[in-house]
Amino acid sequence: MSSTSTITTPSPTSPSRKPTRARSDLTFKQKLSHFDHKASPFLYIAPFFILFALIGIFPIAYTLNVSLYDWHLLKGQGDWVGLANYTSVLSDPFFWNAFGNTVSIFLLSAVPQLLFATVIAALLDQALRAKTFWRMSILLPYIVAPVAVAVIFAQVFNQYTGPVAGLLNLFGLEPIRWAFDVLPSHIAIASMVNWRWTGYNALILLAAMQAIPRDVYESAALDGANKVRRFWAITVPMIRPTMIFVVITSTIGGLQIFTEPKLFDGRTNGGGGRQFQTIVLYLYELAFPRRDFGRAAATAWILFLIIILAGLANYAIARAIRTNDIKPVKIPAAKRPYVTRSINGGRK
Amino acid sequence: MSSRRAITASIAGAAVFAIVATGCSASAGGSDDGKITLSVTTFGTMGVDANYTKYMEENPNIVIEATNLEGGGAARDDAYAKIAAGTGLSDVVAIEEGWLGTIQEVSGSFVDLRDYGIEDVADEWLDWKYKQGTDADGRVIGAGLDIGPQGLCYRGDLFEAAGLPSERTEVAEYFGGDDATWERFYEVGAEYVAASDKAFYHSPRFFWNSFVNQQEEGYYKSDGETLNIEGNDVLKDQLALVVEAENAGLGAGLPGWDVGPQAKAGDYATYMCPSWMLGIVQGYYDEGTTDSGWDFADVLPGGAANWGGAFLGVSESSEHKEEAAALALWLAAPAQQAASFELAGPFPSTIEGQALVADSTNEFFNNAPVGEIFRARSEGVIAQVKGPEDSNIQDNVFGPVFDRIGQGEITDGDVAWDEAMVLLDQLVG
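Being a predicted model, the structure only gives us computed values, none of them experimental.

### Description of the overall build of chain A
Here comes step 1: Looking only at helices and strands, chain A has 16 helices and two strands in total.
Here comes step 2: Out of the 348 residues belonging to chain A, those deemed buried represent 29%.

### Considerations on the interface of chain A and chain B
Here comes step 1: Across the contact, 26 residues belong to chain A and 29 residues belong to chain B.
Here comes step 2: For the side of chain A that touches chain B, the element with the highest residue contribution is helix H3 (residues 28-67) of chain A, accounting for nine residues.

### Here's the deal with the packing of helix H10 (residues 214-222) of chain A against helix H11 (residues 227-238) of chain A
Helix-helix packing: each pair is described by the crossing angle between the helix axes and the interaxial distance.
Residues and elements named next belong to chain A.
Here comes step 1: Taken N-terminus to C-terminus, the directions of H10 and H11 make an angle of 140°; their axes are 11 Å apart at the nearest point. One element, H10, and the other, H11, form an angle in the oblique class. Between H10 and H11 lies a crossing of right-handed hand. Across the interface between the two elements, Val216, Tyr217, Ala220 and Ala221 of H10 pack against Arg230, Ala233 and Ile234 of H11.
Here comes step 2: Tallied by class, the residues present in the contact of H10 with H11 amount to six nonpolar, no polar and one charged.

### Examining the domain arrangement of chain B
Residue and element names in this part refer to chain B.
Here comes step 1: By the assigned domains, chain B splits into domain 1 (32-147 + 308-356) and domain 2 (150-303 + 368-427).
Here comes step 2: Centre-to-centre separation of domain 1 and domain 2, based on C-alpha positions: 28 Å.
Here comes step 3: Counting from both sides, the interface comprises 22 residues of domain 1 and, opposite them, 19 residues of domain 2.
Here comes step 4: For the side of domain 1 that touches domain 2, the secondary-structure elements that each account for two or more residues are helix H3 (72-85), helix H4 (97-105), helix H5 (127-132) and strand S5 (146-147).

### Let's talk about the domain arrangement of chain A
Residue and element names in this part refer to chain A.
Here comes step 1: The domains assigned to chain A are domain 1 (2-67) and domain 2 (84-347).
Here comes step 2: Residue-level contacts link four residues of domain 1 with seven residues of domain 2.
Here comes step 3: In terms of residue class, the side of domain 1 that touches domain 2 is built from two nonpolar, two polar and no charged.

### Topic: the nonpolar core
Here comes step 1: A:Leu205, A:Leu283, B:Val92, B:Leu113, B:Leu312 and B:Ala328 are the most contacted members of the largest nonpolar core, which totals 95 residues.
Here comes step 2: With eleven residues, the top contributor of residues to this core is helix H9 (residues 182-210) of chain A.
Here comes step 3: Not counting chain neighbours up to four residues away, the residues in contact with B:Ala328 comprise B:Val92, B:Ala143, B:Leu312 and B:Val314.
Here comes step 4: With 77 residues, the next largest nonpolar core counts B:Phe207, B:Tyr219, B:Trp307 and B:Val357 among its residues.

### So, the pairing of strand S7 (residues 270-274) of chain B
The side chains of a regular strand alternate, first on one face of the sheet and then on the other.
Residues and elements named next belong to chain B.
Here comes step 1: Among the five residues in S7, five count as buried, and that is most of the element.
Here comes step 2: With burial as the criterion, each face of S7 is covered, one bearing Thr270, Met272 and Pro274 and the other bearing Tyr271 and Cys273.
Here comes step 3: For strand S6 (residues 150-155) and S7, the ladder comprises five bridges, and the chain directions are antiparallel. Opposite Tyr154, over in S7, you have Thr270 as the bridge partner.

### Digging into the environment of B:Asp112
All names here are of chain B.
Here comes step 1: Mapped onto the secondary structure, Asp112 falls in the loop between H4 and H5.
Here comes step 2: Looking at Asp112, the number of C-beta atoms within 10 Å reads 19, which means it is partly exposed.
Here comes step 3: For Asp112 and Pro388, which are 276 residues apart along the polypeptide, the C-alpha to C-alpha distance reads 21 Å.
Here comes step 4: Each residue touching Asp112, except ones within four places of it in the same chain, is listed here: Arg139, Val140 and Ile141.

### Here's the deal with the sheet that holds strand S9 (residues 310-314) of chain B
All names here are of chain B.
Here comes step 1: The five strands lie next to each other as S2-S1-S3-S9-S4, forming an open sheet whose pairing is mixed. At either end of the open sheet lies a strand with only one pairing partner, and these are strand S2 (62-69) and strand S4 (143-144).
Here comes step 2: Packed onto the sheet, H3 meets strand S1 (36-43), S2 and strand S3 (92-96) and runs at close to 125° relative to S3.
Here comes step 3: Across the sheet, helix H13 (residues 321-331) touches S1, S2, S3, S4 and S9, and the angle it forms with S9 is around 165°.

### Some points on the pairing of S9(B)
Residues and elements named next belong to chain B.
Here comes step 1: Of all five residues making up S9, five are buried, and the element is well covered by its neighbours.
Here comes step 2: Burial along S9 is two-sided: the face carrying Ala310, Leu312 and Val314 and the face carrying Phe311 and Gly313 are both buried.
Here comes step 3: In this structure, S3 lies alongside S9, joined through five bridges in antiparallel fashion. The residue bridging Glu96 from the neighbouring strand is Ala310, located in S9.
Here comes step 4: With two bridges joining them, S4 and S9 adopt antiparallel strand pairing.

### So, the confidence of the model for chain A
Residue and element names in this part refer to chain A.
Here comes step 1: Across chain A, the average pLDDT comes to 85, with 85% of residues at or above 70.
Here comes step 2: Overall, residues 1-17 carries pLDDT values under 50, and its contacts beyond four positions in sequence, including any with other chains, amount to eleven contacts.
Here comes step 3: Here residues 335-348 is modelled with pLDDT under 50, and outside its nearest four sequence neighbours on either side it reaches ten contacts, counting other chains as well.

### Digging into the environment of B:Asn392
Here comes step 1: Tracing the backbone shows B:Asn392 in helix H17 (residues 390-406).
Here comes step 2: Along the backbone, B:Asn392 and B:Gly249 are 143 residues apart, and their C-alpha atoms lie at a distance of 28 Å.
Here comes step 3: Dropping the residues within four chain positions of it, B:Asn392 is found in contact with A:Pro289, A:Arg290, B:Leu427 and B:Val428.

### Quick look at the packing of H9(A) against helix H12 (residues 240-255) of chain A
Residues and elements named next belong to chain A.
Here comes step 1: Where H9 meets H12, the axes come as close as 9 Å, and the angle between the chain directions of the two elements is 155°. It follows from the interaxial angle that H9 and H12 lie roughly antiparallel. Considering the relative orientation of H9 and H12, their crossing is right-handed. Contacts between H9 and H12 involve Trp197, Asn201, Ile204, Leu205 and Ala208 on the former and, on the latter, Thr242, Val246 and Ser250.
Here comes step 2: Classifying every residue of the contact of H9 with H12 gives five nonpolar, three polar and no charged.

### A look at helix H9 (residues 205-214) of chain B
All names here are of chain B.
Here comes step 1: For H9, the buried fraction is high: ten of the ten residues fall into the buried class.
Here comes step 2: Buried residues of H9: Arg205, Phe206, Phe207, Trp208, Asn209, Ser210, Phe211, Val212, Asn213 and Gln214, and no others.
Here comes step 3: Buried residues along H9 sit in contact with S6, helix H8 (182-196), helix H10 (233-247), S7 and H17.

Each value, and the rule that gives it
Residues numbered from 1 in each chain as written. Chains lettered and ligands numbered in written order. Predicted model: local features only at pLDDT ≥ 70, side-chain atom pairs only at ≥ 80, totals over all residues. Helix = DSSP H or I, 4+ residues; strand = E, 2+ residues; numbered from the N terminus. Buried ≥ 20, exposed ≤ 12 C-beta atoms within 10 Å, placed from the backbone. Contact = placed C-beta atoms within 7 Å. Axes fitted to C-alpha atoms, helices over the stretch in contact; angles between N-to-C directions. Parallel < 35°, antiparallel > 145°, perpendicular 65-115°, else oblique. Left-handed = near helix turned anticlockwise from the far one by under 90°. Nonpolar A, V, L, I, M, F, W, Y, C, P; charged D, E, K, R; others polar. Domains from an automatic or database assignment. Core = buried A, V, L, I, M, F, W, Y, C linked by C-beta atoms within 7 Å. Pairing = 2+ DSSP bridges. pLDDT = per-residue confidence, 0-100.

Written as structure tokens, this is what we have:
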């Protein structure tokens, strides 16, 4: 970086020279250095944008193109049909069934997952022995391939031979038809998602908790706030930005759920009677067994728009919460001096 | 220092491009030390794998890279996706009868086996099997492997305990022999249920498929294009019969597939067995089991019919078409069909292959003379014409209805039929 200053600042001995002329006098090495200064940042970020264009923008645009045609998977492009694929998807009861299933599985997974993740993160944020061990342990489910998770859980929740069925039987309870009834199948699938993602989200939230200045807690403790009070009054408000991030990523992930319901019953696309067919499984069924690529592409775009809407809704809710929250921070006057003092550090 | 960074940046950029570029290049047919690698994709229990080692021994320059997918549905979706992508199909691909019609709509994805000499051996196959593998333009895209003549798998031990005949010829006779009807089948079922307090079969699905395949025209008219379901009283009456049997407690309410633990527990006593199903039932048990109680009878309610059967095709995108076609034709030749039969049960579609297995018995099925039984079960049978949505209708129109019947949620034949018609309308109509 030091060399760049000689380029932009004209030499004090020749103040009359224009910078442009000064540049032409530069040695090759200086020119290279100038080029480096101007261009290398773009080179650094270029791979991402080129990759993004290749595997992000292009497929999205191409899908839009496909969705406007009568497009057979095997026979290829047919006639231009405009938005007909969209209207036929939106008027298909199977689409709305898939939409309902997706929302249901999402709620059953995201809500308990975030609650547990927050609690686990708060526990890991305490002074524990073998911290790294515990932190690594909660991430273990995440490194198991989702396919393996789905296969194992499909066994666990096997209506006839699974251990859950065995447990129910042991207590003399009626067997639950995990793969046949709507709600039980959603619970089984949500449990796979929760098993896999709770630890991951807990680690992200833990990182946010670790970033909270410790002296805030100390001050609160001096004020007599107990652990629970400190958690609600300090931890929760201060991890809110991270929480919003976690909520948005799990919304996107939840709406795109595929592997778990697909493998819960591998021979069908979300259950014999579509009990747990999600939007992406509906899309898959349209694209492959039914070979209607145009409608599948339209479904992909509808899903894309749904995700954007959900993201905007998340954002709006998050903003509303944030503005509401300014007041409670201002009100407890007793707290302020401590906070200020802690910011001033030892200089009081 | 700055220039070093620029260089580092460009190297990093180049590396990313290199990764992208190599990621896209297909890794087809590696040829280190002059060997040719041929990929083969099969599904289910086809028994084709019985022959790979021999072929590699006889042809030291060939390495076979085999993939076996769990079910026909997975193989179908896999093949569709790769045809659509225009790349990725194995050199040799197994195609199921149920979706062969769809493949023939884009038969250009597969080579014309006439270019590789299939015509010279054409008369080895049953006539109709050879014709099935031929598309509308006369291109032969599939070399026939097996056919699906059907007999009845049953549990001799459970039959005996329930006071029914258990010896296989007596069983066949008891069901009505050559004049066996579905009514009689369900009647025997009711006797079994009354005597044993157990279900007679695991799911009504397979018996239904069998029935549909018995009709001269199934889900489609014989032109393979016009649907033959709405207003079809033959199908509707049979559905009512199935519902009645379920109401009487004949079914165990199980899913169609993967019911091994229940078989071991003796939860059901019969299984509809087209030739390729033998391997599936056997697969429910540990290898080498011979005392499972399963037996195999020369009888099919409603008369003989074909259900299923596979073909081998060679993909147009193969880099070694000649070698792949040679392998496909060899695998579909009588001797290899016979070897597949011995391993897994799919009955040969060649006349000589059938002769080779005529004396074959199956240890798992109480040493039943399966070769002889299947030959008898295939006599005069011609496969029904399938339409493009045939497998979709089987799985997604009637499949869910049978699930609900099996779970006791539909107890009326008319309701079942109406529900199927709603699904048909939404999925195909």
